[in-house]
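In case you want the letters, here they are:
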Amino acid sequence: MTQEDERTARRFRVDVASLPEFEELVAEIYVDDHFIGLLSQESGPDYTLFEIEQTKGSAPVKVELTTFEAALAHAKARLKRLEKRWPPDDV
């Protein structure tokens, strides 16, 4: 990975969360600390849906496609790893 790739990759943050409106875990994706959307697997592990956040009047977020694809792949992998442990035994 080049230094430019590393700088671009640091722009992304993936938070895995349990939200009340979803039965399964979701992965929230942020670019430069701005929420842009989430991955969910509500219809099963073989059907991943990406929901894009739309904010009226906000400037578009521009990201290089392969970097964004890598962030999505990372988010999907985290969901798959964590879904095996959800819900926690003590809930």
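Let me sum up the structure you'll find in this document.

### Structural notes on the overall build of the chain
In terms of regular secondary structure, the chain is built from two helices and four strands. Ordered by position in the sequence, the α and β elements of the chain form the string α-β-β-β-β-α. The long-range share in the chain, meaning contacts at least 24 apart out of those at least 6 apart in sequence, stands at 38%. Accessible surface, the chain as shown: approximately 6,700 Å² in total, 51% of it carbon and sulfur.

### Describing the packing of aromatic side chains
What characterises a pair of aromatic rings is the spacing of the ring centres plus the angle enclosed by the ring planes. Counted according to the given criterion, the structure contains three aromatic pairs. Centroid distance Phe 50 to Phe 68: 5.7 Å. Interplanar angle 70°. Geometry classified as edge-to-face. Of this pair, Phe 50 sits in strand 4 (residues 49-52) while Phe 68 sits in helix 2 (residues 65-83), and the two are 18 residues apart along the sequence. On the accessibility criterion, Phe 50 (24% relative accessible area) is partly exposed. Since its relative accessible area comes to 18%, Phe 68 is described here as buried. Counting every residue linked through ring pairs, the aromatic cluster contains Phe 12, Phe 50 and Phe 68. Residue placement shows Arg 13 over the ring face of Tyr 30; its charged tip is 4.0 Å from the ring centre.

So, how was this worked out
Residues numbered from 1 in each chain as written. Predicted model: local features only at pLDDT ≥ 70, side-chain atom pairs only at ≥ 80, totals over all residues. Heavy atoms only, no water. Helix = DSSP H or I, 4+ residues; strand = E, 2+ residues; numbered from the N terminus. Contact = heavy atoms within 4.5 Å. Areas by Shrake-Rupley, 256 points an atom, 1.4 Å probe, with all protein chains shown as cover. Phe/Tyr/Trp six-rings, centres within 6.5 Å; stacked < 30°, edge-to-face > 60°. Buried < 20%, exposed > 50% of the residue type's maximum accessible area, 1.4 Å probe, protein only. Lys NZ or Arg CZ within 6 Å of the ring centre and 35° of its normal.

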